[in-house]
Every structure is written in structure tokens, then in C-alpha cells.
Amino acid sequence: MKPVNIGLLGLGTVGQGVANILIRNANEIKRRTGRDIRVTRAAVRNQEKAEALNLGIDITTDSQSLVTDPDIDIICEAMGGDEPALTLLHTALDNNKHIITANKALIAVHGNSLIDKARDHGVSVAFESSVAGGIPIIKALREGLAANKIEWLAGIINGTGNFILSEMAEKGRSFEDVLAEAQALGYAEADPTFDVEGIDAAHKLTIMASVAFGIPLSFNGVYTEGISKISREDVEFAAELGYCIKHLGVARRREDGVELRVHPTLIPEKRLLANVNGVMNAVVVQGDAVGPTLYYGPGAGSEPTGSSLVADIIDVVRGIDANMLHRVPTLGFQPDSIEPLNILKAADYQAAFYLRLQALDKPGVMATVTGIFGELGISIEAILQKEPDEAAIDPAMCTVPIILLTGSVKEGLIDQAIERVQALETVVEPVTRIRVETL
Ligand code: HSE
């Protein structure tokens with residue numbers, strides 16, 4: 001059979017992983033596909049640097065010539081960012097090429113139009129490598145769990161954020177110190193606010209939710225909170241209460257719509273997810289037939305991400321001679337069955353909360369605070385009050401941290417309670433609020 005020619009956009013961390021895997025495992029891959037797969041050309045910014053890799057690939061800086069090259073069957077995008085990646089992929093589709101991308105921002109924000117255009121041209125769009133690095137979570141949701149109505153999924157889907165929280169918890173290191181190390185190790189996004197403010201996780205959650213529920217990609221509906229406000233004290237107090245703080249992406253189907261949210265979360269320390277550390281990712285998926293299932297693996301890195309991208313190449317190659325009707329639909333549901341669901345507002349979410357307030361150490365403060373919760377009908381499951389700091393100069397101004405764990409409650413109600421607590425003269429700092437999930 002005629003070999004399949006690949007054009008690579010980008011030869012950075014992921015691009016090199018793809019090229020190395022295709023070269024090293026060429027025989028094994030041919031046994032799976034029945035065809036030779038060759039990376040014939042790569043478009044890069046720095047020609048000299050790419051040529052020095054000696055991969056036997058024709059290198060160009062003219063990316064436009066790659067996506068219009070009649071000899072190329074599949075374009076793999078591993079350059080990242082919005083533009084020129086988006087325009088190049090549209091041009092590739094206009095030229096009837098299959099496209100495969102590791103670019104989660106692009107799929108989460110612009111995926112609907114790419115998928116529509118691909119269908120019109122009878123070609124594929126694939127993006128396994130855009131979510132959770134080497135974990136085949138898209139395939140699991142779209143194919144392995146296809147019998148199920150997916151009820152919810154929750155995942156640690158940003159390796160950098162998880163690495164930061166793990167190091168803070170295990171070694172007491174500061175946030176800034178660990179972020180610098182994550183950048184040096186090549187885990188962090190070009191703009192690290194994407195990692196620490198939860199945007200990267202929101203991109204990945206958007207993609208998983210679409211494939212899980214058969215809804216259009218809805219990035220703008222994701223509630224997003226990062227980890228930059230989590231202090232070492234919160235990590236320690238949570239541990240005293242038997243919890244671990246993890247940055248989770250959660251997608252939950254409810255009667256009245258769907259919750260799409262990314263935020264720091266207290267989870268019981270015995271849960272498997274609580275023990276996912278460093279740059280590893282993990283996703284729990286709850287299906288109505290199968291129950292809970294767990295997917296775990298490296299969430300970033302050259303060959304782990306390359307492993308997912310090459311798996312997409314193999315899928316596309318296997319389907320090249322099949323017509324559209326016999327291919328697995330891109331989002332797992334037939335295109336005319338993709339239905340928007342009501343994406344719920346944060347005030348309508350239901351969750352338990354960890355609240356930390358810093359209050360003056362005076363008689364009656366605790367009673368006033370708990371009174372507010374009582375009046376609003378919010379149950380308190382646990383309270384932790386620490387000793388005052390003996391070094392305080394003026395004992396009348398001495399403050400103590402008070403930690404409350406609430407029962408499950410509508411977020412709008414917690415907002416009211418926090419507003420009233422913060423208005424007390426005896427509460428001296430903004431209240432820290434972290435959601436609790438028992439999963
Ligand atoms: N910056 C991402 C992470 C890379 O830390 O998970 C993989 O998408």
C-alpha cells in the first residue's frame with residue numbers, strides 16, 4: 001500500500017516526540033496499520049536548530065507550503081498558540097488534509113468550526129494529545145465507555161499545577177520556587193498563568209465534556225479558578241482535617257444542565273486522586289453502567305504527548321480508506337446529535353466548602369460566625385481553631401485562624417455567608433474558600 005506522508009507543524013518538545021516515536025517504532029506501527037508512515041516535512045521557526053536534530057526530515061520555515069503540499073496526507077500541529085496555527089489548520093482542511101493537533105486552546109475555543117469544516121471535506125480532526133498528555137482519555141470516553149451515559153468526570157489535568165501543589169504539601173516549598181522549577185523542566189505553558197490560573201485545565205475540561213456528553217465545545221461556559229491563592233497554611237489545615245488540596249476539572253451532568261468547573265478542591269486523602277502527585281495526571285469517569293473508572297499517566301512531556309499524537313495518526317491512517325459513515329465521530333456522537341445543554345452558573349453549583357477566616361481572638365467571635373451559618377441554614381461539619389500566636393505584641397489585637405468545613409450547599413448561599421462574615425469587624429482578612437468533593 002502507498003505510504004502515508006505526514007507534515008509536522010512545529011518540532012519542539014511534542015514534535016520531536018512524534019518524530020522519534022515514528023522512526024523508532026516504524027515496524028511495530030506498520031504491523032498495526034498495514035502502511036508505512038513517514039514524516040516527510042516539518043515547518044519550524046528556526047531552521048538551523050531543527051536541521052541539527054538530524055531526523056532525516058525536510059525542514060522549512062514556510063508553513064504555508066506545508067499545509068498546501070499535495071504530497072502530504074496528514075498535518076500534525078504541535079506549535080501551540082492561536083495564530084498562525086488556526087489559519088494553517090483551516091488551510092490544511094481546505095486542501096483536504098486530515099489534521100491532528102496537540103493544541104488544546106485551539107480545539108477548546110475554535111474546535112467546532114474545525115470539526116464542521118473537516119466533515120464538509122470528508123477528512124478527520126483528532127486531538128487525543130491535547131488532553132492529559134499520554135493518557136488515552138478521549139478514546140476511553142468516545143469508544144471504551146460508549147455504552148454509558150457519562151454522569152460526571154473529575155480530573156487532575158494540569159501537570160504544572162499538580163507539581164506545584166504536591167511540592168508545597170510534601171516539602172513545604174513556596175509557590176514561586178516550584179513554578180520556576182516546572183518552567184525549567186518544560187512542563188509549564190509558554191504563558192504560565194495558563195497553568196496557575198486554571199486556563200489550561202479549562203481548555204482540557206471543555207474538550208472532555210464535549211466528548212463525554214455530546215455537547216458543542218463550550219469553553220466560555222467553564223467556571224475557572226487557579227491555585228495562586230492557595231497558601232501553605234491551607235495545605236496544612238486541610239491535611240489536619242484528613243483532606244488533600246488538588247486542582248480539579250469537574251464536569252457533572254444534572255437534571256437542569258451541566259456544571260463545568262475548574263478550581264482547587266479538598267478531596268479526602270484516601271481517594272486515589274488525592275495520591276496523584278507531581279506532573280502525573282488522572283481522570284475519574286463515572287458512567288451509569290460501568291461505575292467509576294480511573295485513568296492515570298504522565299500529563300505532559302515529549303514522548304508521552306507524542307504517544308497520544310501518534311495514536312491519532314494510526315487511527316487516521318486506519319480510516320483513510322473508510323468513508324465518513326464508518327469512522328468514529330469526532331466528538332463521539334453523530335454530528336446531528338450534538339446538543340447544547342444548559343451550562344449552569346456557579347451560584348447554582350452544589351458543594352461543601354472549606355472556609356478559613358482570620359479573626360480577633362475575643363470571646364463571642366466563634367458564636368457570631370457560627371450563628372450566621374445557622375441563620376442561613378448551612379450546616380457546619382467540622383471546626384478547627386488554632387492557638388493564638390504567643391508572639392503577638394498587643395493581645396487585644398491577636399488574631400487566630402478559624403477553619404470551617406460546611407455541609408453540601410448551593411454556592412449562592414455560601415457567597416451570602418462569606419459576605420456577612422467578612423463584614424464583621426472581628427474578621428480581619430478576606431475569607432479563603434475552597435470547594436470540597438468527596439468524589
Ligand atoms: N502545561 C501543561 C501541563 C502541559 O502542565 O499540564 C500539558 O498540557
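Notes on the structure in this doc start here. (Residues numbered from 1 in each chain as written. Predicted model: local features only at pLDDT ≥ 70, side-chain atom pairs only at ≥ 80, totals over all residues. Heavy atoms only, no water.)

Quick look at the overall build of the protein
In terms of regular secondary structure, the protein is built from 15 helices and 17 strands. On the principal axes, the C-alpha backbone points of the protein span a range of 80 × 45 × 35 Å. Out of the 439 residues in the protein, the part that is buried amounts to 53%. Residue pairs at least 24 apart in sequence account for 74% of intrachain contacts in the protein once pairs closer than 6 positions are excluded. Roughly 19,000 Å² of accessible area belongs to the protein as shown, and the carbon and sulfur atoms make up 50% of that amount. Where the 39 positive side-chain charges of the protein centre and where its 58 negative ones centre are 6 Å apart. (Helix = DSSP H or I, 4+ residues; strand = E, 2+ residues; numbered from the N terminus. Buried < 20%, exposed > 50% of the residue type's maximum accessible area, 1.4 Å probe, protein only. Contact = heavy atoms within 4.5 Å. Areas by Shrake-Rupley, 256 points an atom, 1.4 Å probe, with all protein chains shown as cover. Lys, Arg positive; Asp, Glu negative; His and termini not counted. Charge placed at Lys NZ, Arg CZ, Asp CG, Glu CD.)

Brief notes about the pattern of salt bridges
Using the criterion set out here, one finds 31 salt bridges in the structure. Of the charged contacts, one joins D200 and K204 as a salt bridge, the two residues approaching to 2.6 Å between their closest N and O atoms. Of this pair, D200 and K204 are both found in helix 11 (residues 199–213), four residues apart, which corresponds to roughly one turn of the helix. Comparing D200 with K204, the two get one shared label, buried. One salt bridge in this structure joins R433 and E411, with 3.9 Å as the shortest N-O distance. Taken together, the positions of R433 in strand 17 (residues 432–436) and E411 in helix 15 (residues 411–422) put the pair 22 residues apart, joining distant regions of the chain. When salt bridges that share partners are traced, they join R252, R254, D256, E259, R261 and E437 into one network. (Salt bridge = Lys/Arg side-chain N within 4 Å of Asp/Glu carboxyl O.)

Here's the deal with the packing of helix 8 (residues 159–171) against helix 9 (residues 175–184)
In contact at an axis separation of 9 Å, helix 8 and helix 9 are set at 135° when each is read in the N-to-C sense. When the interaxial angle is binned, helix 8 and helix 9 end up oblique. Relative to helix 9, the crossing made by helix 8 is right-handed. Across the interface between the two elements, T160, F163, I164, E167 and M168 from helix 8 touch F175, V178, L179, E181 and A182 from helix 9. Residues of the contact of helix 8 with helix 9, tallied by class, amount to seven nonpolar, one polar and two charged. (Axes fitted to C-alpha atoms, helices over the stretch in contact; angles between N-to-C directions. Parallel < 35°, antiparallel > 145°, perpendicular 65-115°, else oblique. Left-handed = near helix turned anticlockwise from the far one by under 90°. Nonpolar A, V, L, I, M, F, W, Y, C, P; charged D, E, K, R; others polar.)

Quick look at the side chain of K246
Along the chain, the position of K246 falls in strand 9 (residues 243–254). Here K246 is buried and forms no salt bridge, its nearest opposite-charge partner E170 lying at an N-O distance of 6.7 Å. Side-chain polar atoms of K246 contact the side chain of N162, separated by 3.2 Å. K246 has contacts with I156, N162, L165, S166, H263, P264, T265, I267, L273, A274, V276 and N277, leaving out every residue within four places of it along the chain. (Polar contact = N/O pair within 3.5 Å; in protein donor to acceptor, adjacent residues only side chain to side chain.)

Examining the sheet that holds strand 4 (residues 74–77)
Spatially, 3-2-1-4-5-6 is the arrangement adopted by the six strands of the open sheet, whose pairing is parallel. In the strand order of this sheet, the two ends are held by strand 3 (58–60) and strand 6 (125–126), each with one partner. Pairing between strand 1 (residues 4–9) and strand 4: four bridges, direction parallel. Bridge assignment links L9 to a residue of strand 4, and that residue is E77. (Pairing = 2+ DSSP bridges.)

Here's the deal with the site of the ligand
Every residue near the ligand is listed here: K104, N158, G159, T160, Y187, A188, E189, D195, D200, K204, G299 and A300. For the ligand, whose accessible area on its own is 250 Å², the fraction buried by protein is 91%. Sorting the residues of the shell around the ligand by element identifies helix 8 and helix 11 as the ones contributing at least two each. In the shell around the ligand, the residues fall into three nonpolar, four polar and five charged. (Near = heavy atom within 4 Å.)

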